[in-house]
Amino acid sequence: MLVGVVIVIAIIAAAVGGGGDDPEPAPRRSSESGQASQPRATPRPAETAAACPTSAERRYLARVAGVLGRVVPAMGNLGSLFVRAGEDATLVLDDDWRADLLVELVILQAGAEELRGLSAPTARTRSLEGTTGAMARELEAAVANTAAGVDDFDIEALERAARSIERVGQLAEDGAAALDAVCP
């Protein structure tokens, strides 16, 4: 599943390209008066329904991809921490292991908050807001259940956390499929 999510991030990153804003041209001086004149507008291709994704959509998608670029490695690191704890159950009591766990949980929580703060720029990308909102909820559930599971030695909470993390991966794949449907 994690490999699939990483592939999805690579696909999204490739689809959105650079996404940077074009710099404003500096005013030019008229040779006759020495006064600043307005630069002539450089014609830009019209962003039509066929232009997919638009520059605003690319920026939005780049932000989503950036969040996933931080969250997916944190999910992998979280998994590695639990694999180690599965091999040595005393690690859950170890301060260093807990500190490493906390770092990953903070990254997941920050990712959830950032996803919640995103606003799709166009009707085409609004369909992705449901997916990013669901991802945010699942990340928050994963954080809460992981913390409770470790603090209270609650296996059921840890299982809920694992299911939430799996759903985040599936939602990332669903989001990529939705983008493909919008921008074939």
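See the structure shown above.
Remember, it's a predicted structure, so these values are computed and weren't measured experimentally.

> Is there a simple way to think about the overall build of the protein in this case?
Scanning the protein from N- to C-terminus turns up 5 helices and 2 strands. Each helix and strand of the protein, ordered N terminal to C terminal, gives the series α-β-β-α-α-α-α. Per-residue burial over the protein gives 34% buried out of 184 residues. A separation of at least 24 residues holds for 67% of the contacts in the protein among residues at least 6 apart in sequence. Of the roughly 10700 Å² that the protein leaves accessible, carbon and sulfur atoms contribute 56%.

> How do you make sense of the pattern of salt bridges when you look at a structure like this?
Opposite charge on two side chains makes pairing possible when the charged atoms of those side chains draw close. Taken as a whole and assessed by the stated rule, the structure comprises 5 salt bridges. For Glu-57, the salt bridge goes to Arg-124, with nearest N and O atoms at 2.9 Å. Pair noted here: Glu-57 is in helix α2 (residues 55–87) and Arg-124 is in helix α4 (residues 123–152), with a separation of 67 residues, a long-range link. Relative accessible area serves as the criterion here: at 1%, Glu-57 is assigned to the buried category. Note that Arg-116 is salt-bridged to Glu-140, the shortest N-O span being 2.7 Å. A residue pair is termed long-range when its members are at least 10 positions apart, and Arg-116 in helix α3 (residues 95–117) and Glu-140 in helix α4 qualify at 24 residues.

> For this particular structure, what's the right way to read the packing of aromatic side chains?
The relation between two aromatic rings is expressed through the spacing of the ring centres and the mutual angle of the planes. Overall, the coordinates contain 1 aromatic pair when judged by the stated rule. Ring centres of Phe-82 and Trp-97 lie 5.5 Å apart, and the angle between their planes is 85 degrees; on these two criteria the pair is classed as edge-to-face. Of the two residues, Phe-82 is situated in helix α2 and Trp-97 in helix α3; the sequence distance between them amounts to 15 residues. Assessed through its relative accessible area of 26%, Phe-82 is described here as partly exposed. For Trp-97, a relative accessible area of 1% translates into the label buried.

> Help me understand the packing of α2 against α3, please; the structure alone is not making it clear to me.
Helices that pack against each other are described as a pair by the angle of their axes relative to one another and the distance between those axes. The N-to-C vectors of α2 and α3 enclose an angle of 155 degrees; their axes lie 9 Å apart at closest approach. On the basis of their axis angle, the class for α2 and α3 is roughly antiparallel. For the pair α2 and α3, the sense of crossing is left-handed. Side by side, α2 and α3 meet where Arg-63, Val-67, Arg-70, Val-71, Ala-74, Met-75, Asn-77, Leu-78, Leu-81, Phe-82, Arg-84 and Ala-85 of the first sit next to Trp-97, Asp-100, Leu-101, Glu-104, Leu-105, Ile-107, Leu-108, Gly-111, Glu-114 and Leu-115 of the second. Within the contact of α2 with α3, the residues separate by chemical class into 14 nonpolar, 2 polar and 6 charged.

> Help me understand the nonpolar core, please; the structure alone is not making it clear to me.
The nonpolar side chains of a soluble globular protein tend to be buried, and buried together. Ranked by internal contacts, the top residues of the largest apolar core, which has 36 residues, are Met-75, Trp-97, Leu-108 and Leu-139. Going through the elements one at a time, α2, α3, α4 and α5 (155–182) are the ones with two or more residues in this core. With 12 residues, α2 is the single largest residue contributor to this core. The residues contacting Leu-139, other than those within four sequence positions of it, are Val-71, Met-75, Leu-108, Gly-111, Ala-112, Leu-115 and Val-168.

Definitions and limits used
Residues numbered from 1 in each chain as written. Predicted model: local features only at pLDDT ≥ 70, side-chain atom pairs only at ≥ 80, totals over all residues. Heavy atoms only, no water. Helix = DSSP H or I, 4+ residues; strand = E, 2+ residues; numbered from the N terminus. Buried < 20%, exposed > 50% of the residue type's maximum accessible area, 1.4 Å probe, protein only. Contact = heavy atoms within 4.5 Å. Areas by Shrake-Rupley, 256 points an atom, 1.4 Å probe, with all protein chains shown as cover. Salt bridge = Lys/Arg side-chain N within 4 Å of Asp/Glu carboxyl O. Phe/Tyr/Trp six-rings, centres within 6.5 Å; stacked < 30°, edge-to-face > 60°. Axes fitted to C-alpha atoms, helices over the stretch in contact; angles between N-to-C directions. Parallel < 35°, antiparallel > 145°, perpendicular 65-115°, else oblique. Left-handed = near helix turned anticlockwise from the far one by under 90°. Nonpolar A, V, L, I, M, F, W, Y, C, P; charged D, E, K, R; others polar. Core = buried A, V, L, I, M, F, W, Y, C linked by side-chain atoms within 4.5 Å.

In short, shape yes, function no, at least from these values alone.
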